[in-house]
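Residue-level structural notes
Below are the chains, spelled out letter by letter.
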Amino acid sequence: DLDMPKPIQPNFILNVELEELFITAGLQDRVIQVYEGLVYMDFSKSLMQEHGHGRYEHLDMTGLPKFWLAYLNDPSDSGKIHSDVKLRWDKGEEEVVKAMCTFSTYTDEARDAIGRKNWKDLADLMNKNFQLRRSVYGDQALGEANLRMIAIAQKHKSAVKFPGSGGAVIGLCLDEANLDGLRSEMQSEGFVFCDVFPFEGSHS
């Protein structure tokens, strides 16, 4: 941290992965690896141009509800899932640009819901996030196994979305009575299911 300001570190890591290792990756993963915990991320174009990085804010984790995570034993290639939308974004395709603006709005609303500890609103935003992603990326890009995990979660009345590019889903089951059935069906179909215990991380 003394050699490189913390907000710059995620960009540096990402550039190494993209330019030296030729790994298709996104900035969000690098931010959370550096900051840890529960982090609000603002990647506004004006911020990125003026400062060379986004705005990253640790959120209060007190009283968080129980989240769960399910993932594939043989995860999909996130590069394939990213590729088409990245190209469309670079071309300025209206549907993709509007979707990314909406994702940003969902992020702001989620931060507000977490601050108010309104888990119903947070669950609704998670579901909206997935529906918008599905409409933009399409089922073929998302993959059959990923969509199957989503379907199982929805069957058991759990909010659910992708935490990354694919191969896993994260959920919020407001009625914990549904968790056992959800866990059982996920595992019966070969998916790994686990409870999420957020790590506070360092705020330095």
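Everything here concerns the structure above.
Computed from a prediction, not measured in an experiment: that's the story for all the values here.

**A closer look at the overall build of the protein chain**
A tally of regular secondary structure across the protein chain gives 9 helices and 6 strands. Taken over the C-alpha trace, the protein chain has a radius of gyration of 17 Å; the compact-globule value for 204 residues is 17 Å, and the two agree within 12%. Here the C-alpha coordinates of the protein chain stretch approximately 50 × 40 × 30 Å along the principal axes. Looking at the protein chain residue by residue over its 204 residues, the buried ones come to 38%. Of all intrachain contacts in the protein chain linking residues separated by at least 6 positions in sequence, the fraction that spans at least 24 positions is 61%. With an accessible surface of roughly 11700 Å², the protein chain has 53% of that area assigned to carbon and sulfur atoms. Distance from the positive charge centre (22 side chains) to the negative charge centre (32 side chains) of the protein chain: 5 Å.

**A word on the environment of D90**
The topology assignment puts D90 in helix α4 (residues 78-90). On a C-alpha basis, the gap between D90 and D60 in space is 35 Å, while along the polypeptide they are 30 residues apart.

**Some remarks on the pairing of strand β1 (residues 39-42)**
The side chains of a regular strand alternate, residue by residue, between the two faces of the sheet. A two-sided burial pattern is seen for β1, the buried positions comprising V39 and M41 on one face and Y40 and D42 on the other. Where β1 lies against strand β2 (residues 55-58), 4 bridges are found, and the strand directions are antiparallel. Residue M41 lies in a different strand from β2, and its bridge partner there is Y56.

**Examining the sheet that holds strand β3 (residues 67-71)**
Across the sheet, 4 strands lie side by side as β4-β5-β3-β6; this open sheet has antiparallel pairing. The open sheet is flanked by β4 (159-161) and β6 (192-195), the only strands paired with a single partner. Pairwise comparison of adjacent strand axes, ignoring direction, gives a mean angle of 20° for this sheet. In this structure, β3 lies alongside strand β5 (residues 168-172), joined through 5 bridges in antiparallel fashion. Residue pairing in the sheet places L69 in a bridge with I170 of β5. Strands β3, β4 and β5 of the sheet are contacted by helix α6 (residues 119-137), whose axis makes an angle of about 40° with β4. Here helix α8 (residues 144-155) sits on the sheet and contacts β3, β4 and β5; the angle it forms with β5, its principal contact strand, is near 15°.

Calculation rules
- All residue numbers here refer to positions counted from 1 along the written sequence of the relevant chain.
- Given that the model is predicted, a residue must reach a pLDDT of at least 70 before its local features are reported, and side-chain atom pairs must reach 80 or more before they are shown or counted; all residues, however, enter totals for whole chains, interfaces and linings.
- Note: side-chain values were computed over all heavy atoms of the structure, leaving out hydrogens and water.
- Elements are defined by DSSP. Helices are runs of H or I of four residues or more, strands are runs of E of two residues or more, and each kind is numbered from the N terminus.
- Restricting the calculation to C-alpha atoms gives the radius of gyration, and the globule rule supplies 2.2 Å times the number of residues raised to the power 0.38.
- Throughout this description, buried means an accessible area under 20% of the type-specific maximum (1.4 Å probe, protein chains only), exposed means over 50%, and partly exposed covers the range between.
- Whether two residues touch is decided by their heavy atoms; if any such pair falls within 4.5 Å, the residues are in contact.
- In this description, accessible areas are obtained by the Shrake-Rupley approach with a 1.4 Å probe, and a residue is regarded as covered only by the protein chains that are shown.
- A positive count includes Lys and Arg, and a negative count includes Asp and Glu. His and the chain ends are not counted in either.
- Note that the charge is assigned to NZ on lysines, CZ on arginines, CG on aspartates and CD on glutamates.
- Paired strands are those between which DSSP finds at least two bridges.
- Inter-axis angles, ranging from 0 to 180 degrees, are taken between N-to-C directions of lines fitted to C-alpha atoms, where helices are fitted over the stretch in contact.

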